[in-house]
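# Breakdown of the fold
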Amino acid sequence: MAPSKPRVIYWLRTDLRLHDSPALKAALDLKPDCLYPVWCWDPHYVYRARVGPNRWQYLLDCQSDFSASITKLNPKSKLFVIREAPQTLLTKLFKAWKITHLVFEKDTDAYARERDENVMRQAKEAGVEVIVKMGRTLYDPDELVKANGGKPTMSITQVQKAAEKLGVVAKPIPTPESLPNPGDTALDFDHTQPSPNPDFNDIQRDSKDKSYTNLSGPGGDFAVPTMSELGLKRATTQHRGGETLALKALDDIISNTKYTATFSKPETAPTAFSPQSTTLLSPHHHFGSLSVRLFYWSVMDVLKAYKSNQSTIPTNLIGQLLFRDMYFAAQAPLGYPFAQTVGNSHCRFIPWHLPSKVDPCNGLITGEHHVDTPEAETWFQRWKWGKTGFPWIDALMRQLRQEGWIHHLGRHAVACFLTRGGCYIDWERGAEVFEEWLIDHEVACNTGNWQWLSCTAFYSQFYRCYSPIAFPKKTDAKGEFVRHFCPELKDYPDKFIYEPWKAPIADQKKAGCLIKGDGDETEGEGGVKFYPKPMFDFNVRRTICIDAIKNAYHVNLYGDDAKVKDGTWRDLFSDNAEGLTEGKSAKDAMNRNNKVKSGEEASGDTGVDQDEGEAAEVGEETKGEDRQGKSPGKRKRGKGQGTLDGHFGGRRLRDKH
DNA sequence: CCGGAAGTTGCTCTA
DNA sequence: ATAGAGCAACTTCCG
C-alpha cells in the first residue's frame, strides 16, 4: 500500500497552548496533509468530576484563546470542540475523516490512563498510528518513578535524586509559525448520548445543561461552549485563563528579577490578596496554557544572572515545580487509590470523622460519606461555607469560593484546621471541596497536599499545628485580609480581629456586628450584623487532635491494610479515642449485625455504615491507653500494592479539570 | 545498624 | 522588634 499523506487529529486535553508543545511539534513533524485540532467534550468531567463555574469559565477562556491563536496562524483552522466522549467519538472520527495519525500529550492521571488505553486500542484496530509525547511536567512521571526504584516519590530528596538520573529538563520548543488546514468536517455518524447519572455538577447549574444537544454545538460550527450552553451559574472569579494572559503573566514575573530570584515560599504572605504574594501561574499550568518547562528555564536564566541573596530548592520557584512533579510521580504508580485512603499503600489510616463511603465492587470512594456524628457534619458545613467563627479560616474559605484561588499557606491553614488541627475530619472531605472550587485543581497536587497537611503521607510533624490566630498575625497584624473577605468584621479593633468573640459587647455594638449564633443569621434588627461564635475552643481541639494522631501513628495502619477494609482496625483503638473509632464495642456490634445478616459478605467498606445512629462521644480528651505497641518502628509493608492496573467498573470521582 | 541532622512553610516565651 | 530556645516528637536521610 502506498503511504498516504498523513491526516492527523491533534487531541487536546492538558495542553491548551501553541508554545513549547512537544506533542504539537510531533504532529507537525508528520508534515500532515490536514490537521484537526480536536477537543472532546467529555461527560466524565461534565457530570462526574466536581467542577464549579469558576473553573468551567477558566477552561472556556483557555479554549477560546487557543482557538483564536490557531485561527491567527491559519484562518481555516480553529479548535474543534465536539460534544461526545472520546471513547466513543474518536473511532468514528477516524473513519469519517480518514485519519491516519492521532497525536496527544501524555496524561498520567488515573482516569486519563484508562481512557487513553481504551482509545489507543481502538486506534490500533482502525489502523491509526498513535503518537504520545510528554509535556505536562518537567519530567515524565513514569520515568521519575522508574528512576526512584519503581516507587512513588514521597519526598523532594527522592525527586531530586531520581531527576539527576534523567538529566536536565528539556528546553522549550518554539511556537509554530503556521498550521496545516483541517480537512472536511462532516460528521456523518450517530451521536452517542452520555448518561448524566449521577450528575455531581447539578448544583453548579441554574438552567438545563445542553452540552450534548448537537455534536458540533448549537451553531453547528464546533465553537467553544458558552456558560449558558452548559447551563452553568455565572463565574464569580476575576482570574481569567488563556495562553495569551499566561505568557503575559510569566513575562511580568520574570522581568521582576529580584522577585523571581529571591522568591521563597515560606516567606510569602498568605494574607496578601491584591496583589497576591505568589505567582498565580498554577491554573495556567493546570490547563496547559503555560508550559512548566518554559517557566522552569525562564527562572533558571534569571537565577544564572542574579547573584545576591538567591533562594534555593526547595523553597524557591524551581522547588515549587519539583513539588508538582513529586505529586505527579507519587500518583502515577498508585492510580485511583492515590486520591483516597482505602487501598492506598502510601497513605496512613486515621479514623477521621466523616469517612468516605466505599464501593465494595471496585474499592473506590463513591463521593458520599458517613455521618458518624452530627457535630462533625455541622463543623464540616461551617468550614466549607466560611462560618466557623474563626475569621482567618472563614475569610480564606470565602475567598476560595468567590475567587477559586487562595495562597498555598492559606490552603495549609484551612486544611490543618479541618483535619489534624481542629475538626479531625477526613481529608477526603476537604479535597472534594477544593476539587469543586479551585480554578487550579490538579488531582495529583490536591490530594497529595491534603495528605501532606493531614500528616497521612509526605509529612509527619503533626505537633506543628497552625493556629487560626497566631499564624495570620505574622503577616497581617491589622487583619486587612479578614476585613476584606469578612466585611461584617471590618470595623473591629485590630486587637480582636482574629478573635472577635473576645471583644466586649460595647466594642461589638460600636463595630456594628455582634458575635452571635452559628452563622445562619447574618443580620438583625436595625441593620446590625452577626458573625458566628467560634464553633469550638481551638486550643482544646488542638490538644485532642494531636493526641489522637499520635495514637493513630502508634497503631500504624496504612490504607491498604486488610484491617482497614474489613473494619477490624477498631480492635486497635480505644473505645473513647477521638474520631470514628467507637473501639471494640462498635466492633462487637458490627459482628452481631453481620451475624443477623448471615451469609452476607462484609461490606468492603470501612465497617462503619451500620452504626450511623450510634454517635461516639466526642470532645473528651483521651490518651489512647490501650495503644498497640509504644514504638511504631519500621512499617512492615504488605506485598506489591504498587500498581493498580485492574479493571474498574463504576464511577470515578477524582480527576483533573 | 546506629546516631545525629534535616525536613518548603508552628507557637510561645525570653532576652 | 527580632532572634533563639524550648516545646513535643514524627520520618527520612546520610555518614
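Residues numbered from 1 in each chain as written. Chains lettered and ligands numbered in written order. Predicted model: local features only at pLDDT ≥ 70, side-chain atom pairs only at ≥ 80, totals over all residues. Heavy atoms only, no water.

Within an unreviewed UniProt entry, the label attached to chain A reads Photolyase/cryptochrome alpha/beta domain-containing protein, and the organism entered is Lepraria finkii. The UniProt entry for chain A carries the following comment under Cofactor (unreviewed entry): "FAD". (UniProt positions renumbered as here; feature names shortened; annotations may be inferred.)

## So, the layout of surface pockets
Each pocket or cavity is described by its volume, and for the largest pocket that value is around 1,400 Å³. Along the wall of the largest pocket there are 50 residues; nearest its centre are Lys 265, Gln 320, His 408, His 412 and Asn 449. Those elements giving two or more residues to the lining of the largest pocket turn out to be helix H10 (282-287), helix H12 (317-331), helix H15 (408-418) and helix H17 (443-453). Classifying every residue of the lining of the largest pocket by side-chain character gives 25 nonpolar, 16 polar and 9 charged. (1 Å grid on protein atoms, 1.4 Å probe; cavity = no way out; pocket = protein on both sides within 12 Å on 5 of 7 lines; lining within 4 Å. Points joined across faces, edges and corners; volume = space filled by probe spheres on them. Helix = DSSP H or I, 4+ residues; strand = E, 2+ residues; numbered from the N terminus. Nonpolar A, V, L, I, M, F, W, Y, C, P; charged D, E, K, R; others polar.)

## What to know about the nonpolar core
By size, the foremost hydrophobic cluster in this structure holds 118 residues, and its most contacted members are Trp 383, Phe 417, Phe 458, Leu 489 and Tyr 492. Here this core gets 10 residues from one element, more than from any other, and that element is H12. With residues up to four places along the chain from it excluded, the contact list for Trp 383 reads Thr 388, Ile 393, Met 397, Val 414, Phe 417, Leu 418, Gly 430, Val 433, Phe 434 and Trp 450. Membership of the second largest hydrophobic core comes to 43 residues, among which are Ala 26, Tyr 45, Phe 66 and Leu 364. (Core = buried A, V, L, I, M, F, W, Y, C linked by side-chain atoms within 4.5 Å. Buried < 20%, exposed > 50% of the residue type's maximum accessible area, 1.4 Å probe, protein only. Contact = heavy atoms within 4.5 Å.)

## Considerations on the side chain of Thr 388
Looking at the element boundaries, Thr 388 is found in the loop between helix H13 (374-384) and helix H14 (391-403). Ignoring anything within four residues of it in the chain, the contact list for Thr 388 reads Arg 382, Trp 383, Ile 393, Asp 394, Phe 417, Lys 533, Pro 534 and Met 535.

## Comments concerning the sheet that holds strand E4 (residues 101-105)
The sheet built from 5 strands is open, its strands ordered E3-E2-E1-E4-E5 with parallel pairing. Looking at which strands have only one partner, the edges of the open sheet turn out to be strand E3 (80-82) and strand E5 (129-133). The sheet shows a mean angle of 30 degrees between the axes of neighbouring strands, direction not considered. In terms of strand pairing, strand E1 (residues 7-11) meets E4 through 4 bridges, oriented parallel. The partner of Trp 11 across the bridge, within E4, is Phe 104. (Pairing = 2+ DSSP bridges. Axes fitted to C-alpha atoms, helices over the stretch in contact; angles between N-to-C directions.)

## A short note on the protein's contact with DNA strand B
Every one of the 21 residues lining DNA strand B counts as a neighbour, but His 412, Trp 452, Gln 461, Ser 467 and Ala 470 are closest to it. Separating a base oxygen of DNA strand B from a backbone N or O atom of Pro 266 is a distance of 3.4 Å. The set of elements that each furnish at least two residues to the surface near DNA strand B consists of H12, H15 and helix H18 (470-473). Examining the composition of the surface near DNA strand B, we find that 3 residues originate from one element, H15, more than from any other. Classifying every residue of the surface near DNA strand B by side-chain character gives 11 nonpolar, 7 polar and 3 charged. (Near = heavy atom within 4 Å. Polar contact = N/O pair within 3.5 Å; in protein donor to acceptor, adjacent residues only side chain to side chain.)

## A short note on the packing of aromatic side chains
Summed over the entire model, instances satisfying the criterion amount to 35 aromatic pairs. Ring geometry for Phe 417 and Phe 536: centres 5.5 Å apart, planes at 25 degrees, overall stacked. Taken together, the residues span a long stretch of sequence, with Phe 417 in helix H15 and Phe 536 in the loop between strand E9 (529-531) and helix H21 (538-555) at a distance of 119 residues. Pair check on accessibility: Phe 417 and Phe 536 agree, each one buried. Between the aromatic rings of Trp 569 and Phe 573, the centroid separation amounts to 5.8 Å while the plane-to-plane angle is 80 degrees, which identifies the pairing as edge-to-face. (Phe/Tyr/Trp six-rings, centres within 6.5 Å; stacked < 30°, edge-to-face > 60°.)

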